[in-house]
Amino acid sequence: MAQQGVQLDEEQFCCSICLDLLKDPVTVPCGHSYCSRCIEGHWNQDDQRGRFSCPQCRHIFNPRPVMKKNTMLAEVVESLKKTGLQAAPPDHCYAGPGDVACDVCTGRRLKAVKTCLQCLVSYCDTHLQPHYQSPAFKRHKLVQASGELQENICSRHDEVKKVFCRTDRLLICSLCSMDEHKGHNTISAAAERAERQKELDTSQQNIRQRIQEREKDVKVLHQEVESINHCADGAVEDSDAIFTELISSMERRRSEVRQLIRDQQEREVSRAEGLRRRAEQEVTELRRRHAELEHLSLTEDHICFLQRYTSSLSTIGESTHPVSSSHVRPLRYFEDLTLALSKMRDKLEDILTEDILTEEGTNVSETVNRVDVLLSTPAEPKTRAEFLQYSRPITFDPNTAHQYLSLSKGNRKVTMMNKPQSHPDHPERFTGACQVLSREALSGRWYWELESETSGSFELLRHAVSYKDISRTGSAKECAFGFYDKSWCLKRTNQGYMFIHRGIATPIPGRVSFRVGVYLDHSAGTLSFYSVSDDTMTLLHTVHTTFTHNLHVGVSLNCTGATAELCDLK
């Protein structure tokens, strides 16, 4: 057991200066032990500086300590020499397969930790100490232990390869450069390494940049996956809500259609009653004139007859309110509405008789197309004649007109004046933007055309549709058409058009026209703007969305003298 203990603690009996077993061991005042000759030689060098320190703990002594032999330590070391016992390093310190072995060790060699390029020798930690302690090794270059050391030696001249031949792309020694490589393009290995290092640094920078770019791509794709999942989950929730509310939606639509019919009925009855009263008044007047003429025809006095005859005929004019066949059009309106509802019912029945969700090969786009068929009324018009069948009278509401706007031609024409008009106060009047809304609330299908005139050099006109609850006061952006989510507008300038919604402007190519047609399919969520010239219509922009309330026609002017008129399309 005692012998084993000595093996475990053998490093305590080695001099840290010469790295060998202690010879004539002495102990300095700090407690560390050295060979007497080693410590005396170390302190002889310190004698020039007048300071004496322990090589291990660097403790400074002043004056120079007097050394005394450590008798017990000397006996232990002497015992080690006689028995031949050596301290065994841990197994992991020995060189194994694939490790670089120390070139100085004898017997079982330790792992090398450094290789000296000057000595061309690899050292373990113990045999490397002189390179750290002796000034003679100060200029030697130590590198990580390498097992390819012999490859750095020229096999022909036994010299270190310190030259690089660019002609043959080889490492050579200095003698080779003056022999078989004479006249070649040569450079020192260090200089070649420096240039190649620059290329390496550039390549590394490019790789790092590509890594950053790809990491950004990975992040974007990760966000895209999350977005897809989020949108898909939202679509599932929305589709569930849509199908859940389908019946209630149909009920609401039935109520709206009923109200549309009643509103149209009220307007047409009111119009027809007015015409009837004027016709009855005209009949009464004509009967009175007929009686006068009858009485005149019975007059026997020729002179009196001739005098009254001329004046009587002059008071008889043509009818001031003729009833034309166009007044029968309201009946056609109700018939068209009933026909459209019948077609929608037939399409709905066709959809409900098919299992569109389990049909083989059905995908999302096919399902959406079927839903579009279900919700659509007759096909969208293609020609101007087809658009005109959805034109109905529209007038501007004087209660909404800004104080600088003047209405004329039966409230179908609006003009921007250079001074405020005498409009009475009204809660629905615009005060923050120079614009006006229509009196009529739009649902279903509508088509109208606006004709404008202007002479400004900046923003001129906005054609818009808007919910009625759009703000009337505040800054221009708070209530102007195209800002926030309550209105959609086509803005016309001297340079062209742009569509604006939620404050986002989308430029629209095309030539400016002074007549613009607007087509609205409220239930389908379609809003289209057209440039109109004679019977030619050119599509400017189409919006597909969901309208949650009835809409009103809106016009905004921003130039004194500018006008916009709702065209009479009958």
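Residues numbered from 1 in each chain as written. Predicted model: local features only at pLDDT ≥ 70, side-chain atom pairs only at ≥ 80, totals over all residues. Heavy atoms only, no water.

Focus: the pattern of salt bridges
The final tally for this structure, using the stated rule, is 27 salt bridges. Put simply, Arg196 and Glu199 hold a salt bridge, and the shortest N to O gap is 2.8 Å. Placement of the pair is Arg196 and Glu199 together in helix 6 (residues 189–244), with a separation of three residues, close to one helical turn. The class for Arg196 is partly exposed, based on a relative accessible area of 28%. (Salt bridge = Lys/Arg side-chain N within 4 Å of Asp/Glu carboxyl O. Helix = DSSP H or I, 4+ residues; strand = E, 2+ residues; numbered from the N terminus. Buried < 20%, exposed > 50% of the residue type's maximum accessible area, 1.4 Å probe, protein only.)

Quick notes on the packing of aromatic side chains
In total, this model carries 10 aromatic pairs according to the counting rule given. Here the aromatic rings of Phe430 and Phe481 are separated by 6.1 Å at their centres, their planes lie at 80 degrees, and the arrangement is edge-to-face. Separated by 51 residues along the polypeptide, Phe430 in the loop between strand 12 (413–416) and strand 13 (435–437) and Phe481 in the loop between helix 12 (476–479) and strand 16 (487–492) bring together distant segments of the chain. For the residue pair Phe430 and Phe481, the accessibility class agrees, reading buried in each case. Feature note: the residues Phe387, Tyr390, Tyr447, Tyr519 and Tyr530 constitute an aromatic cluster, connected by ring pairs. It is Arg472 that lies over the ring of Phe430; its NZ or CZ is 4.9 Å from the centre. (Phe/Tyr/Trp six-rings, centres within 6.5 Å; stacked < 30°, edge-to-face > 60°. Lys NZ or Arg CZ within 6 Å of the ring centre and 35° of its normal.)

Notes on a nonpolar patch on the surface
Together, Phe243, Leu246 and Met250 make up a nonpolar patch on the protein surface, roughly 260 Å² of accessible area in all. Mapped onto the secondary structure, Met250 falls in helix 7 (residues 246–297). (Patch = residues over 30% accessible without salt bridge, like charges linked within 9 Å, V, L, I, M, F, W, Y side chains within 5 Å. Areas by Shrake-Rupley, 256 points an atom, 1.4 Å probe, with all protein chains shown as cover.)

Notes on the environment of Ser523
Position of Ser523 relative to the elements: it lies in the loop between strand 19 (515–521) and strand 20 (526–533). Considered as a pair, Ser523 and Ser443 are 80 residues apart in the sequence and their alpha carbons are 7.3 Å apart. Within the structure, Ser523 has its side chain in polar contact with the side chain of Asp521 (distance 3.3 Å). (Polar contact = N/O pair within 3.5 Å; in protein donor to acceptor, adjacent residues only side chain to side chain.)

Quick look at the sheet that holds strand 10 (residues 186–188)
Strand pairs in the sheet, formed through backbone hydrogen bonds, run parallel or antiparallel to each other. One open sheet accounts for three strands, arranged 9-8-10; its pairing is antiparallel. Across the chains shown, the open sheet's two edge strands, defined by having one partner strand only, are strand 9 (170–172) and strand 10. Going across the sheet, the axis of each strand differs from the next one's by a mean of 35 degrees, ignoring polarity. Pairing of strand 8 (residues 163–165) with strand 9, which is carried by three bridges, proceeds in the antiparallel orientation. The residue bridging Cys165 from the neighbouring strand is Leu170, located in strand 9. Relative to strand 10, helix 6 is tilted by about 90 degrees, and along the sheet it contacts strand 8, strand 9 and strand 10. (Pairing = 2+ DSSP bridges. Axes fitted to C-alpha atoms, helices over the stretch in contact; angles between N-to-C directions. Contact = heavy atoms within 4.5 Å.)

Examining the nonpolar core
Soluble globular proteins tend to pack their nonpolar side chains together in the buried interior. Counting residues in each nonpolar core, the largest one holds 37 residues, and the members touching the most others are Val414, Trp448, Trp488, Leu527, Val555 and Leu557. Discounting residues that sit within four places of it in the chain, Trp488 has contacts with His463, Ala464, Val465, Tyr467, Phe499, Ile500, His501, Leu527, Val543, Thr545, Phe547 and Leu551. Among the nonpolar cores identified, the runner-up in size contains 18 residues, and Phe13, Tyr34, Cys38 and Trp43 belong to it. (Core = buried A, V, L, I, M, F, W, Y, C linked by side-chain atoms within 4.5 Å.)

Quick notes on the sheet that holds strand 11 (residues 405–408)
Sheet architecture is open: seven strands sit in the order 11-12-23-14-19-20-21, paired in antiparallel fashion. Strands at the two margins of the open sheet, each flanked by one partner only, are strand 11 and strand 21 (536–544). Averaged over all pairs of adjacent strands, the angle between strand axes in this sheet comes to 20 degrees, irrespective of strand direction.

Thoughts on helix 4 (residues 125–133)
Of the residues making up helix 4, those classed as buried are Leu128, Gln129 and His131. Along the long axis of helix 4, the arc covered by the buried residues comes to 165 degrees, so they all point the same way. (Arc of directions from axis to C-beta.)

As for the confidence of the model for the chain
When pLDDT is averaged across the chain, the result is 81; 85% of the residues are at 70 or more. Looking at the elements of the chain, mean pLDDT is at its lowest for helix 1 (residues 2–8), recorded as 40, and at its highest for strand 13, recorded as 95. Between residues 355–362, whose pLDDT stays under 50, and residues either more than four places distant or in other chains, the model counts eight contacts. Below pLDDT 50 for its whole length, residues 364–377 participates in 17 contacts with residues either more than four positions away or in separate chains. (pLDDT = per-residue confidence, 0-100.)

Topic: a negative patch on the surface
Taken together, the side chains of Asp233, Glu237, Asp238 and Asp240 make up a negatively charged region of the molecular surface. Mapping Asp233 onto the fold places it in helix 6. (Lys, Arg positive; Asp, Glu negative; His and termini not counted. Charge placed at Lys NZ, Arg CZ, Asp CG, Glu CD.)

Quick word on the pairing of strand 23 (residues 563–566)
By the alternation rule, side chains of strand 23 split into Thr563 and Glu565 and Ala564 and Leu566, which are all buried. Of the pairings in the sheet, the one linking strand 12 to strand 23 comprises three bridges and is antiparallel in character. Opposite Thr415, over in strand 23, you have Thr563 as the bridge partner. The pairing of strand 14 (residues 445–453) with strand 23 spans four bridges and is classified as antiparallel. Bridge assignment links Glu453 to a residue of strand 23, and that residue is Thr563.

Structural notes on unusual backbone geometry
At Arg169, a position not held by glycine, the phi torsion is positive, near 55 degrees. Locating Arg169 in the fold gives a position in the loop between strand 8 and strand 9.

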